[in-house]
Amino acid sequence: MKFSRRSLFGSGAASLFAGALSFPARSQNNKPGQKPKNIIFCVADGMAIQVVTMVDQYQQIVHGHRSYWSTLLDEEYATSGLQDTRSLNSLVTDSAAASSAWGSGRHIWNGQINIFPDKTQLRTLTSLMSEAGVRCGLVTTTTMTHATPAGFAVNCIERDFEGLIAEEYLKSGVDVLLGGGAKFFSPTLRPDKKDLYAEFRQAGYNIATTRKELLDGAKSAKILGIFHDTHLPFTVDQRHNAEYQETKPTLAEMARTAIENLKDSPKGFLLQIEGGKVDHGAHGNDLAAMLYDQMAFEEAVKVAVEFALKDKETLVIITADHACGGPSLNGAGEEYIDSTSGLKHLSGMESSYAPIFKAIGTTPSSAQVRDVVNAKLGVTFTDAEAKGVAAAIKGKSPFALSQFHKSPNAALAMALGNHTKVTWTSGNHTSDHVLVTAVGPGNEEMAGVTPNIRFFDIMLASKDLKWENPTMTFEEAKKHRVKPQVALDPELHRLYASDEECESAFGE
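Everything numeric in this text was worked out from a predicted model, so none of it was measured.

A. Structural context of the pattern of salt bridges. All told, the structure shown has 16 salt bridges when counted by the stated rule. Glu131 is the partner of Arg123 in a salt bridge, and the nearest nitrogen-oxygen pair spans 3.6 Å. Among the residues examined, Arg123 registers a relative accessible area of 25% and is labelled partly exposed. Exposure remark for Glu131: the relative accessible area of 63% places this residue in the exposed category. Residue Lys263 is joined to Glu260 by a salt bridge in which the shortest nitrogen-to-oxygen separation is 3.2 Å. When salt bridges with common partners are traced through the structure, they connect Glu167, Arg190, Asp192 and Lys194 into a single cluster.

Right, dumping it as structure tokens:
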């Protein structure tokens, strides 16, 4: 079963340029049952299907061309379907359980990585692949130790123990690690002063901490590239910061470097590429942060797919681990005519929320709110909108009765929604199925609705491997889910834990 772009999204704004552009199909002549030598697994963390829609619509109405992922949905060489994203304990998954489903083939309790609440550790995808001679890589715009990359490779009782996850990578079988998170590797930033850079160097890794070092060291046998103390900057902020542009690689650049490093592996390679800050933008109800990072993710997808089309031995899987925030462009104005102009506001937005809130301060006047929002987002608030946001920052949100909309982020997003016509259901993950698109040998496996745990078997089967990890029911897991003592240990938290799950202006 194949879904076309039209059957998934309808005509809508996409019809504005129908017939103006053509994208000729380029058949790869895949044989039924053909197995890929390489797998590139692309993850837009927290991406609801509406995000693909809005990016496509924005690109068409502002730039006159479709978004890259949407062009793939119309290609004969691509197969598209949906993914069921639930975890062991909820219909709504977190990133740790979601990536662990891919990494172990089992549903995992939210917050844990490839481990059950009774501390049973599961074999990971990269450990099995590496044992079979497959080279492995992880690329992300979050900290290297964040839940999604870690879910392919390590076992950890608590996803927030990022300092421990950094140590676990040394024995994970991963050859290329590119992302943020120097605070978990640098002896000057780690509480225990351990120098993981030195340990990785001793293990044969080339260390890169700038964009230039990464691009110059692309052919190294192993690479650890860490380019920011925490998560890499949002794309919308990097676009307007000369220093970031000089020193921080884009996701597409990291993806290209990783592929160049891994592509000559005789037994093939497995590479995960994560656009992790799509999720952070969605958590913060931050439209510019989310959509510009989605566009950056699709540039990295383009790098992967173009390699696969040329290589003809590579399966590219493009998906999300879960949806987040429930963003949607709403009908507005007479006959909904204002909806299109609403989305155009994105082109004038030059900042994520965090710099905006920093500039506004903690006790702002409505005039301060109005001036900063106009300067950084190109939107002019009414007095009522500015007063509502100012009140929320002071802890007196006009939406305090809602557990989903009482934060300053939500108040700012709600006021902006009057102009952009984009609104949000919450700042949390949601249970929606997410989009899957696949290109290359074996892409037929991604038709229909695929449970998240099935990707583990699909990827192992490409190497004629099979592994059955132990199973656990929700009822069994619940018996052991008295918060594990290891997770309550304050010393372990001091040494290893991250102080931020995602990056929104107020830590929501």
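Read on for the rest.
B. Seen up close, the confidence of the model for the protein. Looking at the protein, the pLDDT average stands at 90 and 88% of residues meet or exceed 70. Between residues 1–28, whose pLDDT stays under 50, and residues either more than four places distant or in other chains, the model counts 57 contacts. The low-confidence segment residues 501–508, where pLDDT is below 50, has 24 contacts with residues more than four positions distant or belonging to other chains.

C. Geometry of unusual backbone geometry. We note that Asn285 has phi near 55°; this positive angle belongs to a residue other than glycine. Inspection of the secondary structure assignment puts Asn285 in the loop between helix H13 (277–283) and helix H14 (287–311). Looking at Asn285, the relative accessible area reads 3%, which means it is buried. Phi is positive for Lys421, close to 70°, though the residue is something other than glycine. Relative to the elements of secondary structure, Lys421 occurs in the loop between helix H19 (408–420) and strand S11 (422–423). Residue Lys421 is classed as buried on the basis of its relative accessible area of 18%.

D. Just the packing of aromatic side chains, in detail. In the structure shown here, the tally under the stated rule is 11 aromatic pairs. Ring geometry for Trp109 versus Phe474: centroids 5.8 Å apart, planes at 10°, classification stacked. With Trp109 in the loop between helix H4 (95–104) and helix H5 (125–131) and Phe474 in helix H21 (residues 474–480), this pair connects stretches of sequence that are 365 residues apart. Among the aromatic residues, ring-to-ring pairing joins Phe41, Trp102, Phe152 and Phe455 into one connected group. Lying over the aromatic face of Trp467, Arg123 brings its terminal NZ or CZ to 5.2 Å of the ring centre. Residue placement shows Lys277 over the ring face of Phe234; its charged tip is 3.8 Å from the ring centre.

E. Region of the structure containing the packing of helix H17 (residues 366–377) against helix H18 (residues 383–393). Between H17 and H18, the shortest axis-to-axis distance is 8 Å and the interhelical angle comes to 105°. As the angle between them shows, H17 and H18 are arranged roughly perpendicular. Seen from H17, the contacting residues are Ser366, Val369 and Arg370; seen from H18, they are Asp383, Ala386, Lys387, Val389 and Ala390. Tallied by class, the residues present in the contact of H17 with H18 amount to 4 nonpolar, 1 polar and 3 charged.

The rules behind these values
- Residues numbered from 1 in each chain as written.
- Predicted model: local features only at pLDDT ≥ 70, side-chain atom pairs only at ≥ 80, totals over all residues.
- Heavy atoms only, no water.
- Salt bridge = Lys/Arg side-chain N within 4 Å of Asp/Glu carboxyl O.
- Buried < 20%, exposed > 50% of the residue type's maximum accessible area, 1.4 Å probe, protein only.
- pLDDT = per-residue confidence, 0-100.
- Contact = heavy atoms within 4.5 Å.
- Helix = DSSP H or I, 4+ residues; strand = E, 2+ residues; numbered from the N terminus.
- Phe/Tyr/Trp six-rings, centres within 6.5 Å; stacked < 30°, edge-to-face > 60°.
- Lys NZ or Arg CZ within 6 Å of the ring centre and 35° of its normal.
- Axes fitted to C-alpha atoms, helices over the stretch in contact; angles between N-to-C directions.
- Parallel < 35°, antiparallel > 145°, perpendicular 65-115°, else oblique.
- Nonpolar A, V, L, I, M, F, W, Y, C, P; charged D, E, K, R; others polar.

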